[in-house]
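Fold and contact review
The chain contents come next:
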Amino acid sequence: MITARQSRAARALLSWTQERLADQARISLTALKRLESENGLEVYETTRDQVRRALEAAGIVLLSTERGQGVLLVNEAKAKD
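**Observations concerning the layout of surface pockets**
In this structure, the largest pocket encloses a volume near 190 Å³. As for the largest pocket, its lining consists of 14 residues, of which Thr 3, Ala 4, Arg 5, Ser 37 and Glu 38 are closest to the centre. Listed by contribution, the elements that provide at least two residues to the lining of the largest pocket are α1 (4-14) and α3 (29-36). Classifying every residue of the lining of the largest pocket gives 6 nonpolar, 4 polar and 4 charged.

Structural data, given as structure tokens:
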């Protein structure tokens with residue numbers, strides 16, 4: 001499951017706006033803003049999955065361990081598109 005912080009961090013690594021990620025994930029901008037909110041707003045699992053898939057297609061790896069969560073950009077060439 002992708003977290004709000006992971007989504008924002010991944011966008012920063014890719015230099016993507018919320019609009020671009022929403023477009024790439026084929027979700028509404030409102031849905032992405034809900035996902036990235038720290039207010040605990042409910043988000044459909046399908047929305048989280050679509051965002052995760054879009055980020056992974058751009059070279060992002062989502063990391064999750066007992067010590068915390070993070071993101072890694074493994075293919076910088078795709079991020080510059």
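**Let's talk about the packing of helix α2 (residues 18-25) against helix α4 (residues 45-57)**
Across the interface, α2 lies against α4 with an axial gap of 8 Å and an inter-helix angle of 100 degrees. Comparing their axes, α4 and α2 come out roughly perpendicular. Facing Leu 21, Gln 24 and Ala 25 of α2, the residues of α4 in contact are Gln 50, Val 51, Ala 54 and Leu 55. Each residue belonging to the contact of α2 with α4 can be placed in one class, and the counts come to 5 nonpolar, 2 polar and no charged.

**Here we look at the nonpolar core**
Generally speaking, soluble globular proteins have nonpolar side chains that are buried together. Grouped together as the largest cluster of nonpolar side chains are 18 residues, with contacts concentrated most on Leu 21, Ile 27, Val 51 and Leu 55. When contributions to this core are tallied by element, the ones reaching two or more residues are α1, α2, α3 and α4. Once residues lying within four places of it in the same chain are set aside, the contact partners of Leu 55 are Ile 2, Ser 7, Ala 10, Leu 14, Trp 16, Leu 21 and Ile 60.

Conventions used here
Residues numbered from 1 in each chain as written. Predicted model: local features only at pLDDT ≥ 70, side-chain atom pairs only at ≥ 80, totals over all residues. Heavy atoms only, no water. 1 Å grid on protein atoms, 1.4 Å probe; cavity = no way out; pocket = protein on both sides within 12 Å on 5 of 7 lines; lining within 4 Å. Points joined across faces, edges and corners; volume = space filled by probe spheres on them. Helix = DSSP H or I, 4+ residues; strand = E, 2+ residues; numbered from the N terminus. Nonpolar A, V, L, I, M, F, W, Y, C, P; charged D, E, K, R; others polar. Axes fitted to C-alpha atoms, helices over the stretch in contact; angles between N-to-C directions. Parallel < 35°, antiparallel > 145°, perpendicular 65-115°, else oblique. Contact = heavy atoms within 4.5 Å. Core = buried A, V, L, I, M, F, W, Y, C linked by side-chain atoms within 4.5 Å. Buried < 20%, exposed > 50% of the residue type's maximum accessible area, 1.4 Å probe, protein only.

Geometric values such as these leave the question of function open.
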